[in-house]
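Chain residues, written in single-letter form:
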Amino acid sequence: MNIVETTGLGRRYGSTWALQDCTLALPAGRLIALIGPNGAGKSTLLNMIVGLTTPTVGEITVLDGRPAGSLAALDGIAFVAQDMPLYRNLSVGDMLHLTRNLNLSFDTVLARRRLTELGINEKQKAGKLSGGQQAQLALSLALARHPQLLVLDEPTAPLDPLARHDFMSSVMTAMADDGISVVLSSHLLAELERVADHLVLVSNGRIRVDGPVDDLIEEHRLVTCATAAASDHPGWEVIESSSTGTQTHRLVRLTSPTASIPSDCEARHVGIEELTLGYFRNGALAPLPALTGVSR
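Residues numbered from 1 in each chain as written. Predicted model: local features only at pLDDT ≥ 70, side-chain atom pairs only at ≥ 80, totals over all residues. Heavy atoms only, no water.

A. Highlighting the overall build of the protein. For the protein, the count of helices and strands is 9 helices and 14 strands. In the protein, which comprises 296 residues, the share counted as buried stands at 46%. For the protein, the share of sequence-separated contacts (at least 6 apart) that also reach a separation of at least 24 residues comes to 70%. Total accessible area computed for the protein in this model is approximately 14,100 Å², and 50% of it derives from carbon and sulfur atoms. In the protein, the 24 positive side-chain charges and the 31 negative ones have mean positions that sit 9 Å from each other. (Helix = DSSP H or I, 4+ residues; strand = E, 2+ residues; numbered from the N terminus. Buried < 20%, exposed > 50% of the residue type's maximum accessible area, 1.4 Å probe, protein only. Contact = heavy atoms within 4.5 Å. Areas by Shrake-Rupley, 256 points an atom, 1.4 Å probe, with all protein chains shown as cover. Lys, Arg positive; Asp, Glu negative; His and termini not counted. Charge placed at Lys NZ, Arg CZ, Asp CG, Glu CD.)

As structure tokens, this is what we get:
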């Protein structure tokens, strides 16, 4: 089962493409990390997944074939954004009551149990909670809907390290206990090293890399050779290359599982952070062309 499928998906704002030629098949039961620089198209893709934005071209389905944005899809998706969309002047208890009334199903018992375990008082105003508590309140409201897919758009960006750890621990527990699939957009690469199962790299509105983390790690190497001996090799695609005096360092993607490394080179595996930074430092793709004669 795929939790998200897209074919030739694109979204244009005025004369500029925010996302183009996006074709993905994201498997269920995974934590899928969506990574890219600011303005890369991550939020545009997430907004189309949850039905807040419609495509300009292409198709997108969620939850094993339901049209994104349809009532059938919306009932199975929960969304937590970076700005924690809470009514700051309402109490935590009022937020529970409001969310219950706005959804077809809402597990008040689950939400209250989570908040009690976190030490969050229902009489407190949402706007008076700490950043970590606001994030946990937003997550509790989302999880109480028992979604099949949880979409997180940089929810931990404003949090301190301990609050980030607690938030992600809650997400991982929900995945283990309830079988929830997660799509997480984040700039915190070190955090993703320990939680992500599947990686999608976006740059300049296009998908650069897409695949299971274990497979991508296995396909990439950091190769070091003497600069005088460095040359192209049929067994790899060079992603990034730099030289420091007598040595040349290359991030490469092997063309096949049996591709060999030259005997005069040293090679090692890389993690998510090195892999991601290599793709985003190498000049990436040229910016998508603006369309002329198109009004917003």
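B. How the structure looks around unusual backbone geometry. Within the chain, H146 stands out as a residue other than glycine whose phi angle is a positive 50°. Structurally, H146 can be placed in the loop between α5 (131-143) and β7 (149-153).

C. Geometry of the sheet that holds strand β5 (residues 66-67). The antiparallel open sheet is built from 4 strands, whose spatial order is β2-β1-β4-β5. Edge positions in the sheet fall to β2 (16-27) and β5, since each has one partner strand and no second. Across 2 bridges, the pairing between strand β4 (residues 57-62) and β5 is antiparallel. By the bridge assignment, V62 is partnered in β5 with R66. (Pairing = 2+ DSSP bridges.)

D. Focus on the pattern of salt bridges. Applying the stated criterion across every chain, the model contains 6 salt bridges. Close ionic contact of E240 with R281 constitutes a salt bridge, the shortest N to O distance being 2.8 Å. Placement of E240 in strand β12 (residues 236-244) and of R281 in helix α9 (residues 272-281) is noted, with a sequence separation of 41 residues between them. The class for R281 is exposed, based on a relative accessible area of 55%. (Salt bridge = Lys/Arg side-chain N within 4 Å of Asp/Glu carboxyl O.)

E. Region of interest: the packing of α5 against helix α6 (residues 161-178). At a minimum axis separation of 9 Å, α5 and α6 run at an interaxial angle of 15°. By the angle between their axes, α5 is roughly parallel relative to α6. Along this stretch, α5 crosses α6, giving a crossing that reads as right-handed. Residues G132, A135, Q136, L139 and L143 of α5 lie in contact with α6, whose contacting residues are A163, D166, F167, S170, V171 and A174. For the contact of α5 with α6, the per-class residue count stands at 7 nonpolar, 3 polar and 1 charged. (Axes fitted to C-alpha atoms, helices over the stretch in contact; angles between N-to-C directions. Parallel < 35°, antiparallel > 145°, perpendicular 65-115°, else oblique. Left-handed = near helix turned anticlockwise from the far one by under 90°. Nonpolar A, V, L, I, M, F, W, Y, C, P; charged D, E, K, R; others polar.)

F. Structural context of the side chain of R145. Mapped onto the elements of the fold, R145 is located in the loop between α5 and β7. Buried and unpaired, R145 has D75 as its nearest opposite-charge partner, separated by 4.7 Å. Of the polar contacts made by the side chain of R145, one reaches the backbone oxygen of L74; its length is 2.9 Å. One polar contact links the side chain of R145 to the main-chain carbonyl oxygen of I77, over a distance of 2.5 Å. Apart from residues no more than four positions distant in its own chain, R145 is found in contact with L74, D75, I77, A78, N103, S105 and F106. (Polar contact = N/O pair within 3.5 Å; in protein donor to acceptor, adjacent residues only side chain to side chain.)

G. Structural detail: the pairing of β4. Across 5 bridges, strand β1 (residues 2-13) lies against β4 in antiparallel orientation. Along β4, the bridge assignment pairs T6 with I60. Hairpin remark: β4 followed by β5, antiparallel, with 3 residues in the connecting loop; positive phi at L63, about 50°.

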